[in-house]
Every structure is written in C-alpha cells, then in structure tokens.
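One letter stands for each residue in the lines below.
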Amino acid sequence: MVQKTTKKTEVIYPDSDGKPMADNTVQFRWIVKIKENLELLFADDPNIFVAGDLLWYPVEGNNKNRQAPDIMVVLGQPKGDRGSYKQWEENDTPPQVVFEILSPGNRLRKMMDKLKFYEQYGVEEYYVYEPYDPELMGWIRSEGTLDIISEINNWVSPRLGINFVVEAGEMEIYKPDGERFLSFVELNQLRQQE
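Model, not experiment: these values are computed from the prediction.

The rules behind these values
Residues numbered from 1 in each chain as written. Predicted model: local features only at pLDDT ≥ 70, side-chain atom pairs only at ≥ 80, totals over all residues. Heavy atoms only, no water. Salt bridge = Lys/Arg side-chain N within 4 Å of Asp/Glu carboxyl O. Buried < 20%, exposed > 50% of the residue type's maximum accessible area, 1.4 Å probe, protein only. Helix = DSSP H or I, 4+ residues; strand = E, 2+ residues; numbered from the N terminus. Polar contact = N/O pair within 3.5 Å; in protein donor to acceptor, adjacent residues only side chain to side chain.

Caption draft 1: Layout of the pattern of salt bridges. Scanning all chains against the criterion turns up 9 salt bridges. Across the pair lysine 35 and glutamate 36 runs a salt bridge, and its minimum N-O distance is 3.0 Å. Look at lysine 35 and you get buried, because its relative accessible area is 18%. Given a relative accessible area of 38%, glutamate 36 falls into the partly exposed group.

Here's what the structure looks like:
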C-alpha cells in the first residue's frame, strides 16, 4: 500500500500590488501630509503603527483578499518596518482608522468595494477625501457596521482625536492641541523662522 503525503503549499503574500501609490501630485501630497502628520502626532507612542500604501492581508492563507489603504493607523501594534500588514501576525489587530484620497480616476464601485472590505474586517473609522471638489466623507463603526457620519465638518475622530474642518473649498485637519496639519515645506518654513 502506497501512502500519499500531502505537501502543504506555502502562501506567498506579495509586498506590492503593482499599482501606483497615487495617480497625481495632488493625491500624493494629501497622502503624505496626512500620513506624516499622524506619524508626528503619535511619535512618542511606540505602539501606534502608521503606514501609507501598505498591503493589508486580513486573513491567513488568502493572498487575494487584500487592500492597500492610502493611510492606515493601527493602535496597539508596534512601530516598525513591514513589507505588508499580515493581520494574523499582529495579534489579529485590524487597522482601526483608514484614509483614502480620491483621484479623478476613482470609481464609485471601487470605493464601495473598499467600504465593504473595511466594514467586514474591523475598521472603526473610514475617511474619504475628494480634493478636486473638496468633500470629506466619513464612516464610523456602530453595532458591527460602518455608518455614514452625517455631519463631518468639525468632526473629531474618536480614535485619533484629530478635528476635520472643511470650508472655503479646502480641508484642514487639526491635532488635539489645535495645531494644524502642515506640509513638510510649511514645517521647514516654521523651523527656519524660529
């Protein structure tokens, strides 16, 4: 009698989906501004991981089920470099807050698919910013689903403590201390003034 041995196939989780981080300079500028300001905000907390355009795999064994949020924040997981975010290797902690910055090429269907994915895998706050026709949309988890935030202007993120203000055709984000999120150039200008 011949006994068959089953060899378990190792699942490869690519670090790249081959897609660009941004479609244009406006989208890229917003991604960098939000991601870097969140890094600054949480610089002293070793257990808040902030990433931009990092593939997130929520389920072990399935390398097709993934998203690469423009920005994601994971509270309770250590800072550090990762090729991708494999949730099962991170105490099964999903990103709690996710940001997407729209480009003219984004389609409603794609954004709805992302909303369903984020809802299914535990995101607590989901923010989408449209910089070309300045509009901010947000969803917050309530009883297992992501519900739209009906009044987003002057909204304060429960998890991050940041305040979103959309007026005069532009969005501004403020830290809990009231300081505005600044670009790298603005930060450098302030440093030079001091």
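Caption draft 2: Molecular detail of the environment of threonine 145. In this structure, threonine 145 sits in strand 8 (residues 145-148). Assessed through its relative accessible area of 33%, threonine 145 is described here as partly exposed. The spatial distance from the C-alpha of threonine 145 to the C-alpha of lysine 116 is 9.2 Å, given a sequence separation of 29 residues. Looking at threonine 145, its side chain comes within polar contact range of the side chain of aspartate 147, at 3.1 Å.

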